[in-house]
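A closer look at the structure
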Number of protein chains: 2
Amino acid sequence: MADVAIVGTGHSKFGARTDVNLQELAWETVRQALEEANLEQQDIDMFVVGNAGGWSSEPLSAIVIGEYCNLAPKGTMRVEAACATGSAALRIAYQAIKSGEAKIAMVIGAEQMHQSPHPLAIEMMRRAGNYFWEFENFGLTFPGYYALYATRYMAKYGMKEEDLGQIAVKNHYYGSFNPYATFQKPIKIEEYLKSKIIASPLKVYDACPITDGAAAVILASEEVAKRITDTPVWIVSQGFASGTANLSKRDDFVSIDAARVAAEEAYKRAKINREESWKYIDVAEVHDCFTIAEIMAYEDLGFANRGEGYILAREGQTYIGGRIPVNADGGLKAKGHPIGATGVSMAVSLTRQLQQRAPKGTQATINNGYALAHNMGGTGHYAYVTIYSLKKPSA
Amino acid sequence: MADVAIVGTGHSKFGARTDVNLQELAWETVRQALEEANLEQQDIDMFVVGNAGGWSSEPLSAIVIGEYCNLAPKGTMRVEAACATGSAALRIAYQAIKSGEAKIAMVIGAEQMHQSPHPLAIEMMRRAGNYFWEFENFGLTFPGYYALYATRYMAKYGMKEEDLGQIAVKNHYYGSFNPYATFQKPIKIEEYLKSKIIASPLKVYDACPITDGAAAVILASEEVAKRITDTPVWIVSQGFASGTANLSKRDDFVSIDAARVAAEEAYKRAKINREESWKYIDVAEVHDCFTIAEIMAYEDLGFANRGEGYILAREGQTYIGGRIPVNADGGLKAKGHPIGATGVSMAVSLTRQLQQRAPKGTQATINNGYALAHNMGGTGHYAYVTIYSLKKPSA
């Protein structure tokens, strides 16, 4: 099987991008990725578009983007895996190269949530839980789901709201250095504590924003990658899993099953021991749609023991220089979370980290050359865990 | 790279399936496919759901289906490529096996268009052209698009409405033998000619119906396939391509660019000469969303010369016993067209054809052991052409 490397990356400014339409937003990143890889559209064998969609009346986003970016008549498809959509798109291109069906593949993640009026956008997010039982019958909303997790976690392990606040403070701190981030302003723990409650115990500063944004990566086979770059970033493995749509069927509320299953598969394929993963991984991106989600991710990924994830936050162990730097680009919390783009944005940030060209103030120390992305969909419906490395996987 | 075979198939009754919800509909086919392959859910490494979606308020169809069919926590994603969605789902599973990422993968195509009220369902179909310019500004609808193709084709090549009628008569004839078909009643050319015009020159009997339905196939690597079945049906190749969303940018209106590009790629990979393809292929499924689409497909696939596709119809050359049997399961026209299921349904029909277990009255003569599926999305936005064989591709 062919080894697969990232050879080009592109990233748009995230935020309220009402200055562009979806295809223009995508083009900002496609262009950047092509330039980085020194390739032209005709060199691309296929492209995959990660776009959860539903925000506008134009339904065929892959076609509209492909045409605008001059990628047609190359083969394409649109993929959706809720908030893990970008990682699902990456997977398809990864398999395409690994199987020999393509030599060079483009992954585009793009979402323009502001195409819907704000209340509709929030309503659409709500539906991505279990629509029929939980939203329609009980009125459960997305912050509500994660508030349930946070409440249970606090009761079981003694986490304080200040611990959640440390995640917000860290991610806003790193967002302040990232020119692509929605929020580029650090916040103080006092501001966090005073911020408005949206679903107790979660506050506005616990939640990621409704965001427009795009990101792109170009994947290539080993043979092509070596022609293009001296520093290919290899995809070592990807694990993925699904979970029940129904919160009432979950085993517990302090962890996400699908994330554990996906991480296990990714680690196994990468031959990394889960319990020691933080010793190998130089930098990680995790799905902090709410601060509690980042804490649970620490544990689901093996960065901390069960019930001790909040201690990493309390001790600042996930800043650069700590046990393992997490979300050094600001994470979903400060960078923003344009659904289909997020998984691809993680790939862009980690590629630039491993190549030591992250924005000033956000570069982690690269020792072992491994990086990890953890991208969730729904409230644990989808999980994708991807491991990247400077070392060729089959070497 | 691993060879990939179909080792199990499932197909639901197509039609107005208001007796079930989407996940129950999917389960009818998942269960049948598992039984055929003598597998259980835990044997499946991953599953892909083809579902264009948007008909109901429950947005995460892959999760809802996966949970109901007891496929969770296996990894999954939902894919959309307009009316070629089923073939895109097949592609992802094909690449997963070929790349070694999975040994056994389930492909589920499912759509329940009747979950929307009828006028809304038709409005949603309309949007799958070029929403902004063509639907919103000019009111162009889906039958309208294909009426433009038919008008131009008639003017250029002298095709008569009776020739289009022959496609409808043939596909209804075969639908009458297919227990899964929406319409199981043959029609006479006189009935066709008297049927109501919906977009001149197209009549009701030129159009496929709004349909509910599901289909599933299980793909496996060679090693696994040989344990499961003595008659694996191999995926030899798949070509795919995209086209402009904007009809005004097409080169001509008597053919579909993307279909030609996809066919070329599929034939090249299968080492089949396009001009002689009908000599190798024992039976084909083509995307007859409207009768004119089947005529254009004959030419785009090389079954007929340019401008002579309608002569195949006139002469009855695409019945069993003719040059090449096409849509012996009734096609989209009579079997129905539940968007996400259609490409998977084609795979099911062709697998059963090659294994000589098609319903009575529809079994083609299997000589060379090749079959071909042509699945389009939009009005030429997406094209997927897949070639199947009883012979192992790498042999």
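Fair warning: this is a prediction, and the values are worked out from it, not measured in the lab. (Residues numbered from 1 in each chain as written. Chains lettered and ligands numbered in written order. Predicted model: local features only at pLDDT ≥ 70, side-chain atom pairs only at ≥ 80, totals over all residues. Heavy atoms only, no water.)

**Description of helix 15 (residues 339-354) of chain B**
Residue and element names in this part refer to chain B. Over its 16 residues, helix 15 extends 24 Å from the first C-alpha to the last, a length consistent with the 22 Å expected when each residue adds 1.5 Å. Most of helix 15 sits inside the fold, with 16 of its 16 residues counted as buried. Of the residues trailing helix 15, Q356 is marked for its positive phi of about 55°. (Helix = DSSP H or I, 4+ residues; strand = E, 2+ residues; numbered from the N terminus. Expected span 1.5 Å × (residues − 1). Buried < 20%, exposed > 50% of the residue type's maximum accessible area, 1.4 Å probe, protein only.)

**Thoughts on the packing of helix 1 (residues 22-37) of chain A against helix 2 (residues 61-68) of chain A**
Each pair of packed helices can be summarised by the angle the axes make with each other and by the distance between the axes. All names here are of chain A. The interhelical angle for the contact between helix 1 and helix 2, taken along N-to-C directions, is 55°, at an axis separation of 9 Å. Regarding the angle of helix 1 to helix 2, the classification is oblique. Pair helix 1 / helix 2 crosses with right-handed handedness. Counting all contacts with helix 1, which are made through L22, Q23, E24, A26 and W27, the residues of helix 2 involved are S61, V64, I65 and Y68. Split into classes, the residues belonging to the contact of helix 1 with helix 2 amount to 6 nonpolar, 2 polar and 1 charged. (Axes fitted to C-alpha atoms, helices over the stretch in contact; angles between N-to-C directions. Parallel < 35°, antiparallel > 145°, perpendicular 65-115°, else oblique. Left-handed = near helix turned anticlockwise from the far one by under 90°. Contact = heavy atoms within 4.5 Å. Nonpolar A, V, L, I, M, F, W, Y, C, P; charged D, E, K, R; others polar.)

**Considerations on helix 7 (residues 161-175) of chain A**
Residues and elements named next belong to chain A. In this model helix 7 runs 21 Å from its N-terminal to its C-terminal C-alpha over 15 residues, within 8% of the 21 Å that 1.5 Å per residue would give. Of the residues making up helix 7, those classed as buried are D163, L164, G165, I167, A168, V169, K170, N171, H172, Y174 and G175. Buried residues along helix 7 sit in contact with helix 6 (142-157), helix 8 (189-194), strand 6 (202-203), helix 12 (291-300), helix 13 (309-314) and helix 14 (331-335).

**A closer look at the relation of the copies chain B and chain A**
Once chain B is rotated about the relating axis by 180° and shifted along it by 0.0 Å, it coincides with chain A to within an RMSD of 0.0 Å. Interpreted geometrically, this transformation is the action of a two-fold axis. Both copies contact each other with a shared surface, as 100% of the interface residues of chain B are interface residues in chain A too. (Least-squares fit on C-alpha atoms with pLDDT ≥ 70 in both.)

**Let's talk about the UniProt feature "domain: Thiolase C-terminal" (unreviewed entry) in chain A**
UniProt records the feature "domain: Thiolase C-terminal" (unreviewed entry) for residues 241-389 of chain A in the present numbering. As annotated, residues 241-389 of chain A comprises 37% helix and 15% strand, and the C-alpha atoms at either end are separated by 22 Å. (UniProt positions renumbered as here; feature names shortened; annotations may be inferred.)

**Structural notes on the pairing of strand 8 (residues 233-242) of chain A**
Residue and element names in this part refer to chain A. Here strand 8 lies mainly inside the structure; 10 of its 10 residues are buried. Bridge count for strand 1 (residues 4-11) against strand 8 is 2 bridges, and the pairing is antiparallel. Within strand 8, the residue paired with A5 across the bridge is W234. As judged from the 8 bridges shared by strand 8 and strand 11 (residues 382-389), these two strands associate in the antiparallel manner. Across the sheet, residue A241 finds its bridge partner in strand 11, namely A383. (Pairing = 2+ DSSP bridges.)

**Some words on the nonpolar core**
Core analysis: the biggest nonpolar cluster contains 262 residues, and A:Y146, A:I292, A:F303, B:Y146, B:I292 and B:F303 have the highest contact counts within it. The element contributing the most residues to this core is helix 6 of chain A, with 9 residues. Residues within four places of B:F303 in sequence aside, it is in contact with B:Y267, B:S277, B:W278, B:I281, B:A284, B:V286, B:Y298, B:L312, B:R323, B:I324, B:V326 and B:L372. (Core = buried A, V, L, I, M, F, W, Y, C linked by side-chain atoms within 4.5 Å.)

**Focus: the pattern of salt bridges**
Residues and elements named next belong to chain B. Evaluation of the coordinates by the stated rule reveals 50 salt bridges over all chains. As a salt-bridge pair, E36 and R357 come within 3.0 Å of each other at their nearest N and O atoms. Placement of E36 in helix 1 (residues 22-37) and of R357 in the loop between helix 15 and strand 10 (370-377) is noted, with a sequence separation of 321 residues between them. A relative accessible area of 30% means that E36 is categorised as partly exposed. (Salt bridge = Lys/Arg side-chain N within 4 Å of Asp/Glu carboxyl O.)

**Examining the pairing of strand 3 (residues 75-80) of chain B**
With 6 of its 6 residues buried, strand 3 of chain B lies for the most part within the structure. Side chains of strand 3 of chain B alternate between two faces, with B:G75, B:M77 and B:V79 and B:T76, B:R78 and B:E80 buried alike.

**Notes on the interface of chain B and chain A**
Counting from both sides, the interface comprises 51 residues of chain B and, opposite them, 51 residues of chain A. Overall, the association of chain B and chain A removes approximately 4400 Å² of surface from exposure, summing both partners, and the carbon and sulfur fraction of that is 55%. One salt bridge in this structure joins B:E101 and A:R91, with 3.1 Å as the shortest N-O distance. Along the contact surface separating chain B from chain A lie 20 residue pairs in polar contact (both at pLDDT 80 or more). Secondary-structure elements contributing two or more residues to the side of chain B that touches chain A are strand 2 (46-50), helix 2 (61-68), strand 3, helix 3 (85-98), helix 5 (131-137), strand 8 (233-242) and strand 11 (382-389) of chain B. Here the side of chain B that touches chain A takes 7 residues from helix 3 of chain B, the largest share from any one element. Taken together, the residues that form the side of chain B that touches chain A break down as 26 nonpolar, 14 polar and 11 charged. Sheet topology places strand 3 (residues 75-80) of chain A next to strand 3 of chain B; 3 bridges connect them, and they run antiparallel. Paired with A:E80 across the strands is B:R78, a residue of strand 3 of chain B. (Buried area = accessible area lost by both parts, 1.4 Å probe. Polar contact = N/O pair within 3.5 Å; in protein donor to acceptor, adjacent residues only side chain to side chain.)

**A few points about the state of the cysteines**
All names here are of chain A. A full pass over the atoms with the stated rule returns 0 disulfides over all chains. Not part of a disulfide, C83 finds its nearest cysteine sulfur in C289, a span of 6.8 Å. Counting only cysteine sulfurs, C289 is the nearest neighbor of C208, a cysteine outside any disulfide, at a range of 5.8 Å. (Disulfide = S-S within 2.5 Å.)

**A few points about the packing of helix 6 of chain A against helix 12 of chain A**
All names here are of chain A. At a closest axis distance of 9 Å, the pairing of helix 6 and helix 12 adopts a crossing angle of 60°. Taken together, helix 6 and helix 12 sit at an angle that is classed as oblique. The way helix 6 lies across helix 12 gives a crossing that is left-handed. Only I292, A293, I295, M296 and E299 of helix 12 make contact with helix 6, whose side of the interface consists of Y146, Y149, A150 and Y153. Looking at side-chain class alone, the contact of helix 6 with helix 12 contains 8 nonpolar, no polar and 1 charged residues.

**Overview of the packing of aromatic side chains**
Residue and element names in this part refer to chain A. Scanning all chains against the criterion turns up 24 aromatic pairs over all chains. Clustering of aromatic rings is evident, with ring pairs tying together F142, Y145, Y146, Y149, F253 and F290. Here the guanidinium or amino end of R323 rests over the ring plane of W278, the centre of that ring lying 4.1 Å away. (Phe/Tyr/Trp six-rings, centres within 6.5 Å; stacked < 30°, edge-to-face > 60°. Lys NZ or Arg CZ within 6 Å of the ring centre and 35° of its normal.)

**Points about the environment of B:A33**
Residue and element names in this part refer to chain B. Note on placement: A33 falls in helix 1. By relative accessible area, which is 0% here, A33 ends up buried. In contact with A33, not counting residues within four places along its chain, are G8, T9, G10, A216 and I218.

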